[in-house]
Amino acid sequence: MGGGSVRGFIFFRVFKPNHRLIWTGLLAILLGMAAHPWYVAYRERKALEALSWSVASKVIVVDPGHGGADPGCVGGSGVLEKDVNLAVARRLGAYLSQAGGTVILTRDGDYDLSDPEHQSSAIVRKRDDLEARMDLIKQYRADLFISIHANSISSPRWWGAQTFYHPKDPEGKRLASLIQEELLKNLGQSYRWVRSEDFFVLRNAGVPAVMVEIGFLSNPREERLMSQPAHQGKIAWCIYAGVVRYFSGEPAPTCPF
Ligand SMILES: [Zn+2]
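Rules used in this analysis
- Think of each chain on its own: its residues are numbered from 1, step by step along the sequence as written.
- Local features are withheld for residues below a pLDDT of 70 in this predicted model, meaning they are given only at 70 or higher, and side-chain atom pairs are given and counted only at 80 or more; totals for whole chains, interfaces and linings count all residues.
- Side-chain measures were taken over the full set of non-hydrogen atoms in the model, leaving aside hydrogen atoms and water.
- For helices the rule is a DSSP run of H or I covering at least 4 residues; for strands it is a run of E covering at least 2, with both sets numbered from the N terminus onward.
- Helices are assigned an expected span. That span is 1.5 Å times one less than the residue count.
- Bend at a residue means the angle formed by two fitted axes: the first through the 7 residues ending at that position, the second through the 7 residues beginning there.
- Under this definition, polar contacts are N or O atom pairs within 3.5 Å; protein pairs additionally need one hydrogen-donor-capable and one acceptor-capable atom, and for neighbouring residues in sequence, both atoms have to be side-chain atoms.
- We call a set of buried residues a nonpolar core when its members are Ala, Val, Leu, Ile, Met, Phe, Trp, Tyr or Cys and they connect through side-chain atoms within 4.5 Å of each other.
- Relative accessible area decides the class of each residue, using a 1.4 Å probe on protein chains only: under 20% of the type maximum gives buried, over 50% gives exposed, and in between gives partly exposed.
- Water is not among the atoms examined, so metal sites may look incomplete; donors are the N, O and S atoms within 2.8 Å of the metal, or within 3.2 Å for Na, K and Ca.

> I would appreciate a short explanation of helix α2 (residues 19-51) in the present structure.
Given 3.6 residues per helical turn, the α-helix brings residues three or four places apart onto the same face. Taking 1.5 Å as the rise per residue, α2 with 33 residues should run 48 Å; its terminal C-alpha atoms sit 47 Å apart, in good agreement. Considering bend angle alone, the principal kink of α2 is centred on His36 and spans about 40 degrees; proline Pro37 follows within four residues of it. The distance from a side-chain oxygen at the start of α2 to the backbone nitrogen of Arg20 is 3.0 Å, and the residue carrying that oxygen is Asn18.

Structure follows, in structure tokens:
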């Protein structure tokens, strides 16, 4: 018998291997590993709750794009952009009001804001509609304007939400970057980052403004997701988290890729 096995023998005499204890330990480690992402999400929610005071007393115009005769883009299986925009806007409005913000929805139903007396053409009607949405920003002395849209292109390949801001709106860029960071973290890595665009509503808002294109209706998987209330709530939560971080003064994150 060599010295090594004697030492081994003594070891097992002193620390009797208790199989039940070993298995319990392993199980605890596995459970801990499985629960870790939930724990991180829980911690993040708690951190956000602590910052949600920043939204109190703020006035936010939430703008579900399109409505009424204008469906926006249409998915392959018939999901209408105007419907998903409204669903996400309502959920976002609920989160913001719960945090003490004053929320103005530019529409809370299936209609547009054009003047019924003044509808000579679709272009005139669209212009009227967008101007009426801009008027609400002034009327309610809003602090922020958030427009919700969905995207569509000819190829079904592309997916992912993307947030836009106006090139002359640095605060809009900060808000857009914070929202985009939340979207990437919670909806998957789409390798899309914020972009500046000279859209009518971003140019004319007069307050920090963003447009969130919440996904591609031309992508069958994303079309299906966007019609589901759970996913709509997730998108709304991401935008809400970005707004909370924005009002609490967080600097703009930079593109992570
Ligand atoms: Zn749209």
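The structure having been displayed, the exposition proceeds.
> Explain the nonpolar core to me, please; I cannot follow it from the model alone.
A general trend in soluble globular proteins is that nonpolar side chains are found buried together. If you look at the biggest cluster of nonpolar residues, it comprises 44 residues, and the most contacted ones within it are Leu92, Ile146, Ile148, Ile214, Ile239, Tyr240 and Val243. For this core, the element with the highest residue contribution is helix α8 (residues 229-247), accounting for 11 residues.

> What am I meant to see in the coordination of the zinc ion here?
Six octahedral donors around a metal ideally make angles of 90 or 180 degrees; four tetrahedral donors ideally make 109.5 degrees. Taken together, the protein ligands of the zinc ion are His66 (NE2), Glu81 (OE) and His149 (ND1), with distances of 2.1 to 2.2 Å. Summarised as a motif, the one-chain spacing of the donors to the zinc ion is H-x14-E-x67-H. On the criterion of sequence distance, the pair formed by Glu81 in helix α3 (residues 81-98) and His149 in strand β3 (residues 144-151) is long-range, its members being 68 residues apart. Neither Glu81 nor His149 differs from the other in exposure class; each is buried.

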